[in-house]
Structures are given as structure tokens and as C-alpha cells.
Amino acid sequence: MVLNKKNLLWLILSLLIIILDQLSKHWMITNLTYGEPWVILPMFNLTLTNNPGAAFNFLSSADGWQRWLFTAIAIFVSIYILFWLMYAAKRDYLTKIGLSLVLGGAIGNLCDRLHYGFVIDFIQVHYKNWYFPDFNLADSAITVGAIFIIVTLLFNRGKQ
């Protein structure tokens, strides 16, 4: 593995995401009552919820086996991303930022699955009676990171 000072910076970014994610979840667990919204803005609440499934509550009603499936997937994906991050082109900063964000988010949610058996969500966006699935900082980091990776893959094709 190519672990040098520059690649260490990307791992520090991932670690920062993990720490912020876990601290925010700890704060929410400590200060919110499960399922009771804390209204921040007319379309934005903080609401403590659990997600035993994956994105958009995929397989959340399964019998518990999904915990181990999603744990295994998160471990595999994290290892893959770690290698991709270490061997990505030296000046491909947007990809490296994206990979670091996805890695940090994946490990943040992995920590929840291993500790609680589900992922802790608390960000709730809604309009009238329509609610977007609840999410957390790790999910946000994964989404932003994936957008960065997709943009670089679409617009840097053939440049490296």
C-alpha cells in the first residue's frame, strides 16, 4: 500500500468524518427522545430513528440477517475504497476527497451496525406530509463523496 504523507491526509479526512458522525449520533442519543421531532425549520427536524436496513430503509423489515449482510458489504467496500484511495492518481484531488468522504461515512455507519445492530439516523427533511427517509452525517458524506467520484469519472475520462 502506498502510505505517504499525502495519502495520510486523505485518511485523516476519513477519520474526521467518522469522529463527527459518531459524536453527532452520541449527542442525538443523549439529547433526543426516540421518534419525537425537534423542529429546527419548517421543513427540517432532528428526529432520532433507527435503520436496520440500508439506504431508503431497504430490507429494514427483514429478520435481522441484513445486519450481517450490510456489515460484510461495508467492510468489503471500505477495503476496496482504501486501496483505490492509496493508488489513485497523485493529483486527482476531487476523487481522493470523494473516496475519503465515502470511506469515512461507510465506517461511521459500520460502527453503528457493529455496536447497535442498526444505523442511527436523525436528520429529517419533509414537505407537508411527504418525508424524505431520515439520514445522518455519514450518509451525507457518502452522498457528497459519491457525487465527487461520479463527476471525476464522467469529466476526467481519458485524461489520466
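One structure accompanies this document, and this report is about it. Since the structure is predicted, the reported quantities are computational estimates derived from the model, not experimental observations.

Analysis parameters
Here the residue numbering is sequential within each chain, running from 1 through the sequence in written order. For a predicted model such as this one, the threshold for reporting local features is a pLDDT of at least 70, and the threshold for listing and counting side-chain atom pairs is 80 or more; totals across whole chains, interfaces and linings nevertheless cover every residue. Working from all heavy atoms in the structure, the side-chain values ignore hydrogens and water. A helix here means a DSSP run of H or I that spans at least four residues, while a strand means a run of E at least two residues long, and both kinds are numbered starting from the N terminus. Classification of residues uses two cut-offs on accessible area relative to the type maximum, computed with a 1.4 Å probe and protein chains only: under 20% is buried, over 50% is exposed, and between them is partly exposed. Residue contacts are defined here by distance: any two heavy atoms, one from each residue, within 4.5 Å place the two residues in contact. Residue-level accessible areas treat just the shown protein chains as cover; the underlying method is Shrake-Rupley with a 1.4 Å probe. The axes used here are C-alpha line fits, helices contributing only the stretch in contact, and every angle between their N-to-C directions lies in the interval 0 to 180 degrees. Angle categories are assigned with fixed cut-offs, so that under 35 degrees is roughly parallel, over 145 is roughly antiparallel, 65 to 115 is roughly perpendicular, and the rest are oblique. Note on convention: the crossing is left-handed when the near helix lies turned anticlockwise from the far helix by less than a right angle, right-handed when the turn is clockwise. Gly counts as polar in this scheme, as do all residues outside two lists: the nonpolar Ala, Val, Leu, Ile, Met, Phe, Trp, Tyr, Cys and Pro, and the charged Asp, Glu, Lys and Arg. One fewer than the residue count of a helix, multiplied by 1.5 Å, yields its expected span. Any N or O atom pair separated by 3.5 Å or less is treated as a polar contact, with the protein-specific requirement of one donor-capable and one acceptor-capable atom, and with residues adjacent in sequence counted only for side-chain atom pairs. Classification of ring pairs uses Phe, Tyr and Trp, with its six-membered ring standing for Trp, and accepts pairs whose centres are within 6.5 Å; under 30 degrees between planes counts as stacked, over 60 as edge-to-face, and the remaining range as tilted. Strands are treated as partners if at least two bridges between them are detected by DSSP. For the purpose of counting charges, residues Lys and Arg are taken to be positive, whereas Asp and Glu are taken to be negative. His and the chain ends are not included. We define a salt bridge as a side-chain nitrogen of Lys or Arg found within 4 Å of a carboxyl oxygen belonging to Asp or Glu.

1. Structural notes on the overall build of the protein chain
A count of helical and extended segments in the protein chain gives four helices and four strands. Listing each helix as α and each strand as β along the protein chain from the N terminus yields α-β-β-α-α-β-β-α. Classification of the 160 residues of the protein chain by burial places 37% in the buried group. Across the protein chain, every contact between residues at least 6 apart in sequence was considered, and the portion connecting residues at least 24 apart equals 65%. Surface accessibility of the protein chain: about 9,800 Å² in total, with carbon and sulfur atoms responsible for 71%.

2. Focus: the packing of helix α1 (residues 5-31) against helix α3 (residues 93-116)
In the contact formed by α1 and α3, the axes pass within 8 Å of each other and the chain directions differ by 40 degrees. With respect to α3, the axis of α1 lies oblique. For the pair α1 and α3, the crossing hand works out as right-handed. For the contact of α1 with α3, the per-class residue count stands at 13 nonpolar, eight polar and five charged.

3. Structural notes on helix α4 (residues 137-155)
What sets the pattern is the α-helix's 3.6 residues per turn: residues three or four places apart point alike. For α4, which comprises 19 residues, the first-to-last C-alpha distance of 27 Å matches the rise-based estimate of 27 Å (1.5 Å per residue) to within 8%. Where α4 starts, the residue carrying a side-chain oxygen 2.9 Å from the main-chain nitrogen of alanine 138 turns out to be asparagine 136.

4. A look at the side chain of asparagine 45
Within the secondary structure layout, asparagine 45 lies in strand β2 (residues 44-51). A polar atom in the side chain of asparagine 45 sits 3.4 Å from the side chain of histidine 126. Asparagine 45 has contacts with Pro37, Trp38, Val39, Ile40, Phe122, Ile123, Gln124 and His126, leaving out every residue within four places of it along the chain.

5. Things to note about the packing of aromatic side chains
Scanning the model with the defined rule gives six aromatic pairs in all. Ring geometry for tryptophan 10 and tyrosine 93: centres 6.3 Å apart, planes at 40 degrees, overall tilted. In this pair, tryptophan 10 sits in helix α1 while tyrosine 93 sits in helix α3, placing the two residues 83 residues apart along the sequence. Overall, tryptophan 10 belongs to the buried group, its relative accessible area being 9%. Taking 5.9 Å as the distance between ring centres and 25 degrees as the angle between the ring planes, the aromatic pair formed by tryptophan 27 and tryptophan 38 counts as stacked. You can see tryptophan 27 sitting in helix α1 and its partner tryptophan 38 sitting in strand β1 (residues 38-41), a full eleven residues away along the chain. Judged by its relative accessible area of 38%, tryptophan 27 is partly exposed. Of the residues examined, tryptophan 38 reaches a relative accessible area of 41% and is grouped as partly exposed.

6. Description of the sheet that holds strand β4 (residues 130-131)
Whether parallel or antiparallel, the strands of a sheet pair through hydrogen bonds between backbone atoms. Overall, antiparallel pairing links the four strands, which are arranged β1-β2-β3-β4 in an open sheet. Here the strands that pair on one side only, and so sit at the sheet edges, are β1 and β4. Bridging between strand β3 (residues 119-127) and β4 involves two bridges; their strand directions are antiparallel. Bridge pairing in β4 places tyrosine 127 opposite tryptophan 130. Of the strands in this sheet, β1, β2 and β3 are in contact with α1, which crosses β3 at around 80 degrees.

7. What to know about the side chain of aspartate 134
By the element assignment, aspartate 134 lies in the loop between β4 and α4. Look at aspartate 134: it is buried, it has no salt bridge, and the nearest opposite charge is lysine 25 at 13 Å. A polar side-chain atom of aspartate 134 sits 3.1 Å from a polar atom in the side chain of threonine 49. Leave out the neighbours within four places in its chain, and aspartate 134 touches Thr47, Thr49, Asp121, Ile123 and Gln124.

Function cannot be inferred from these measures alone, as they are strictly geometric.
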